[in-house]
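Next come the chains, spelled out residue by residue.
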Amino acid sequence: MHNHLWWKRGIIYQIYPRSFQDTNGDGIGDLEGIRRRLDYLTWLGVDAIWISPVYPSPMADFGYDVADYCNIDPLFGSIDDFRLLLDDAHGRGLKVVMDFVPNHTSIAHEWFQQSLSAKDHPKRDWYIWRDPAPGGGVPNNWVSSFGGPAWTFDEATGQYYYHAFLSSQPDLNWRNPDVCCAMHDVLRFWLDLGVDGFRVDVIWHLMKDPDFRDNPVNPGYGEGRGEIEKFLQVHSTDHPDVHGVIAGMRKVIDAYPDRVLIGEVYLPVERLVTYYGQDLSGAHLPFNFQLLEVAWQAQRVADLIVEYDRSIPDGGWPNWVLGNHDRPRVAARIGEKQARVGTMLLLTLRGTPTLYYGDELGIGKIHIPDHLVHDPWEKNEPGLGLGRDPERTPMQWDASEAAGFTTGTPWLPLSSDHLSRNVVLQREDAASMLNLTRALIALRRSSAALSVGTFALLKLQGDMLAFERRYSEERVIVVLNLCHNEECWDMPADVVGKILLSTGLRAPDEPVSGSICMQPDEGVVIRCH
Ligand code: TEU
Ligand code: CA
C-alpha cells in the first residue's frame, strides 16, 4: 500500500483556524496554536491537515474574502509563523493543504480597488462587470448564495459587478488570461514554500455562462429554504469551460512532486465526477459531500455508496466527507450514538476520508444566541437554520474555563458540555469517541484492505449495512447498525474471523461466524481468517 500516494492512503483533518487554538488571548485561533497542537494530531494519527483560509482578509466571510493571496492575516500570525508551522508539520510527517479561494476576492483586494476605479482601467476586466438591464436594474436574475441579488451597482461607473456570495466578495473573471496567470503565480508562491496541495473553494463556480442568461426557476423550491434555491444554478455554475481552468491549475501543481488538488463541488454525483476531468486532468479529489446530505437510513447510504463507486472514472480516486465548516456537525445531524457509526463508515470506506476538527469528540448541537451570531449567511437570512456558527465553535481541549482554547473570550461560544467533552477527559476514557476515532484511524492505516483495498456491498437488511474491503489475501468486513434496535444477520458461510473493533462494548478478538447480533447503534470491523 505504500506504493500509493499519500493522499490516496492518508486521512485528511480539516482545521478551522479561528477555532482550533488561540495563543495570544484574543479569543481567535492562530497558526502558532495549530503548531502547538501538532503533537495531538500525530497522536490522533492523521496524515494531513487542511487549513481553512488564513490570508489577510476583512473577515466578512471569515477568511473566504481574501485581500492578499500571498500573505497571512496578522490575526493568525505572519508568513514566518506559517513557515514554522509547515516545517514542524513536515518534521512530524504531516502534510499541509492550503485553502485556495480563486472564485472571488475581497472588495479590499487591490485588484478590485483598481477594477472599481475606472471603466478603462486595465484591471476592470479582472472582475465581472455588466451594464444594467435594458429597462434598468440588475443584469439578470442570479441570486447570491447568501441571499439577495448577486449584482451590486457601482454609481461612479454605472455598472454592476457580480458576486456569487457577499457583495464584499466580487467574482474574478477567469475568462481573462491575466487572471489565470496571476492566480497560477499564487499557487506557485505557496508550492515554492512547500505546501502539499490545495483545497479549492467553490471550484464549480469558476466559469459562468458567457451570455449571462437567466437561471430557470426551481420547481421544487419551498418556503423556509435559502433564497439561492429559488433558481437552478444552471447558467451561473458548472459551465463546461470550467474544466479547462481546472486543468490549468492542475498543470501548475503537477510541476511539483506529490501535491494534491482537492475541489469543493456541491453537485449531484453524475456532475460531480466530471470534476476528475477529461483523462483525469482535473481535481485529484473532487470532494464527495453525499454523506453530509443523505437521510441516515441503510438503504439510502448503501445506494449512494454503490452509485458513487460506479460513477467514478477509471483511475479516479474516491473520497468521503462527514463534516465541514459549512454543514451541521455529524453528531448534531444523526445523534451522538450514530455519529460513532458514521465515523466508522467514514474511516472504512474506499477513498480518502476528511475528518472535521471536533467531530472526533462528538461535539453536537450548539445554540448560538442571537447577539453572538457571526455568520453573514445567518445575518442575511435569519431563522432558517442556515447559519454556520454552530459547526465553527472552539475546539475543546480540557476542562478549564475556556476549554484550553484561549485565555481570553472565545470568538464563538463553546459547546455547553465542554467541561465533560474535551480531549483530556476523552483520552483517558477507553470508550470515548476520541479513542474510537483514533483506533479507527490506526486500524485503517495498518490495513491495506481498509486503506486501499476494493469495496463490495455484502448485505442490506433493515437498518443494517455490511460491506467488504479486500486487498490481496486480506479481507475485512464492516457491519453497521444504523438504528437503535438490536439487529441480527446470518452471515455468508465464508465470513469467519474475529472482531477487530466495535463502536460498542463488544470485546475485541471476539470470534465471529454463522450469525452476528449487532447491538443498537453498533458498528463492527471483522477480520476474516
Ligand atoms: O462554500 C461554498 C458553498 O457553496 C457553501 O457555502 C454552500 O453554499 C452551502 O454549503 C450550501 O450548499 C465555500 C466555503 O466553504 C464557505 O465557507 C464560503 O462561505 C463560501 O465558499 C464562499 O467562499
Ligand atoms: Ca489568537
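Residues numbered from 1 in each chain as written. Chains lettered and ligands numbered in written order. Predicted model: local features only at pLDDT ≥ 70, side-chain atom pairs only at ≥ 80, totals over all residues. Heavy atoms only, no water.

(A) Spatial organisation of the coordination of the calcium ion (ligand 2). Coordination of the calcium ion (ligand 2) by the protein comes from Asp 22 (OD), Asn 24 (OD1), Asp 26 (OD), Ile 28 (O) and Asp 30 (OD), over a distance range of 2.3 to 2.4 Å. Between the donor residues of the calcium ion (ligand 2), the gaps in sequence give the motif D-x1-N-x1-D-x1-I-x1-D. In this pair, the class of Ile 28 matches that of Asp 30, namely buried. (Donors = N, O, S within 2.8 Å, 3.2 Å for Na, K, Ca; no water. Buried < 20%, exposed > 50% of the residue type's maximum accessible area, 1.4 Å probe, protein only.)

(B) Region of interest: the sheet that holds strand S11 (residues 352–356). The parallel open sheet is built from eight strands, whose spatial order is S9-S8-S7-S3-S2-S1-S11-S10. Both edges of this open sheet fall to strand S9 (285–286) and strand S10 (319–321), since each of them pairs with a single strand only. In this structure, strand S2 (residues 48–51) lies alongside strand S3 (residues 95–100), joined through four bridges in parallel fashion. Bridging across to S3, Ile 49 finds its partner in Val 96. (Pairing = 2+ DSSP bridges. Helix = DSSP H or I, 4+ residues; strand = E, 2+ residues; numbered from the N terminus.)

(C) Geometry of the layout of surface pockets. Here the largest pocket defines a volume of roughly 1,300 Å³. In terms of lining residues, the largest pocket is bounded by 47 residues, among which Trp 204, Ile 228, Tyr 266, Glu 293 and Arg 327 are the most central. Counting only elements with at least two residues in the lining of the largest pocket, the list comes to helix H8 (269–272) and helix H9 (290–293). It is H8 that contributes the most residues to the lining of the largest pocket, three residues altogether. A breakdown of the residues in the lining of the largest pocket according to their chemical character gives 21 nonpolar, 13 polar and 13 charged. Taken together, the residues that form the lining of the second largest pocket break down as eight nonpolar, five polar and six charged. (1 Å grid on protein atoms, 1.4 Å probe; cavity = no way out; pocket = protein on both sides within 12 Å on 5 of 7 lines; lining within 4 Å. Points joined across faces, edges and corners; volume = space filled by probe spheres on them. Nonpolar A, V, L, I, M, F, W, Y, C, P; charged D, E, K, R; others polar.)

(D) Representation of the pattern of salt bridges. Applying the stated criterion to the full structure yields 32 salt bridges. One salt bridge in this structure joins Asp 359 and Arg 329, with 2.7 Å as the shortest N-O distance. Taken as a pair, Asp 359 in the loop between S11 and helix H13 (376–380) and Arg 329 in the loop between S10 and helix H11 (330–334) lie far apart in primary sequence, 30 residues in all. Here Asp 359 matches Arg 329 in class, with each residue buried. Among the salt bridges present, the one from Asp 375 reaches Arg 388, with a minimum N-O distance of 2.8 Å. Here Asp 375 is found in the loop between S11 and H13, whereas its partner Arg 388 is found in the loop between H13 and helix H14 (423–428), with 13 residues between them in sequence. Judged by its relative accessible area of 0%, Asp 375 falls in the buried class. According to the relative accessible area criterion, Arg 388 is buried, its value standing at 5%. (Salt bridge = Lys/Arg side-chain N within 4 Å of Asp/Glu carboxyl O.)

(E) Structural detail: the pairing of strand S6 (residues 159–162). The two faces of S6 match: Gln 159 and Tyr 161 on one face and Tyr 160 and Tyr 162 on the other face are all buried. The pairing of strand S4 (residues 129–130) with S6 spans two bridges and is classified as antiparallel. Considered in S6, the bridge of Arg 130 is made with Tyr 160. The pairing of strand S5 (residues 151–154) with S6 spans four bridges and is antiparallel. Across the sheet, the residue bridging to Thr 152 is Tyr 161, located in S6. Hairpin geometry of S5 and S6 is characterised by an intervening segment of four residues between the two adjacent antiparallel strands and by a positive phi of about 70 degrees at Gly 158.

(F) Inspection of the site of ligand 1 at higher detail. Surrounding ligand 1, one finds 17 residues, the nearest of these being Asp 61, Asp 201, His 325, Asp 326 and Arg 327. Taking His 104, its side chain carries an N or O atom lying 2.9 Å from an oxygen atom of ligand 1. In the environment of ligand 1, an oxygen atom lies 2.8 Å from a nitrogen or oxygen atom belonging to the side chain of Asp 201. For ligand 1, the protein covers 91% of the area, taking 500 Å² as the surface of the free molecule. (Near = heavy atom within 4 Å. Polar contact = N/O pair within 3.5 Å; in protein donor to acceptor, adjacent residues only side chain to side chain. Areas by Shrake-Rupley, 256 points an atom, 1.4 Å probe, with all protein chains shown as cover.)

(G) Main features of the environment of Ser 144. If you trace the backbone, Ser 144 turns up in the loop between S4 and S5. Sequence-distant contacts of Ser 144, defined by excluding residues within four places in its chain, comprise Pro 149, Ala 150, His 163, Ala 164, Phe 165, Leu 166 and Ile 228. (Contact = heavy atoms within 4.5 Å.)

(H) Summary view of the packing of aromatic side chains. Within this structure, the stated rule accounts for 34 aromatic pairs. It is Arg 18 that lies over the ring of Trp 411; its NZ or CZ is 4.1 Å from the centre. Geometry around Trp 397 places Arg 37 over its ring, the cationic atom sitting 3.8 Å from the centre. (Phe/Tyr/Trp six-rings, centres within 6.5 Å; stacked < 30°, edge-to-face > 60°. Lys NZ or Arg CZ within 6 Å of the ring centre and 35° of its normal.)

(I) Here's a closer look at the pairing of S2. Here S2 shows no split at all, with Ala 48 and Trp 50 on one side and Ile 49 and Ile 51 on the other all buried. Pairing of strand S1 (residues 12–15) with S2, which is carried by four bridges, proceeds in the parallel orientation. Counterpart to Ile 15 in the pairing with S2 is Ile 51.

(J) Spotlight on helix H15 (residues 433–446). For H15, which comprises 14 residues, the first-to-last C-alpha distance of 20 Å matches the rise-based estimate of 20 Å (1.5 Å per residue) to within 8%. Among the residues of H15, those classed as buried are Met 433, Leu 434, Asn 435, Leu 436, Thr 437, Leu 440, Ile 441, Leu 443 and Arg 444. (Expected span 1.5 Å × (residues − 1).)

(K) Representation of the nonpolar core within the structure. Of all hydrophobic cores here, the largest spans 155 residues; its most connected members are Tyr 13, Tyr 40, Leu 41, Trp 174, Trp 190 and Phe 198. Here Tyr 40 is in contact with Tyr 13, Glu 360, Met 395, Trp 397, Val 423, Arg 427 and Leu 434, once residues within four sequence places are set aside. Ala 466, Ile 477, Val 495 and Met 518 belong to the second largest nonpolar core, which has 14 residues in total. (Core = buried A, V, L, I, M, F, W, Y, C linked by side-chain atoms within 4.5 Å.)

(L) Up close: the environment of Phe 153. Mapping Phe 153 onto the fold places it in strand S5. Here Phe 153 falls in the partly exposed class, since its relative accessible area comes to 35%. Setting aside residues no more than four positions away along its own chain, Phe 153 makes contact with Pro 132, Gly 158, Gln 159 and Tyr 160.

(M) Just the domain arrangement of the protein chain, in detail. Entries for the protein chain in the domain assignment read domain 1 (6–105 + 177–211 + 242–440), domain 2 (110–162) and domain 3 (454–528). Each of domain 1 and domain 3 was reduced to a C-alpha centroid, and the two centroids are 30 Å apart. If you look at the interface, domain 1 gives 21 residues, while domain 3 gives 24 residues. Across the interface of domain 1 and domain 3, roughly 1,800 Å² is buried in total on both sides, 75% from carbon and sulfur atoms. Taken together, the connections running from domain 1 to domain 3 amount to five residue pairs in polar contact (both at pLDDT 80 or more). Residue assignment for the side of domain 1 that touches domain 3 shows that the elements contributing at least two residues are helix H10 (298–311), helix H12 (336–346) and H15. The dominant element in the side of domain 1 that touches domain 3, judged by the number of residues it contributes, is H10, at seven residues. When grouped by side-chain class, the residues that make up the side of domain 1 that touches domain 3 number 13 nonpolar, four polar and four charged. (Domains from an automatic or database assignment. Buried area = accessible area lost by both parts, 1.4 Å probe.)

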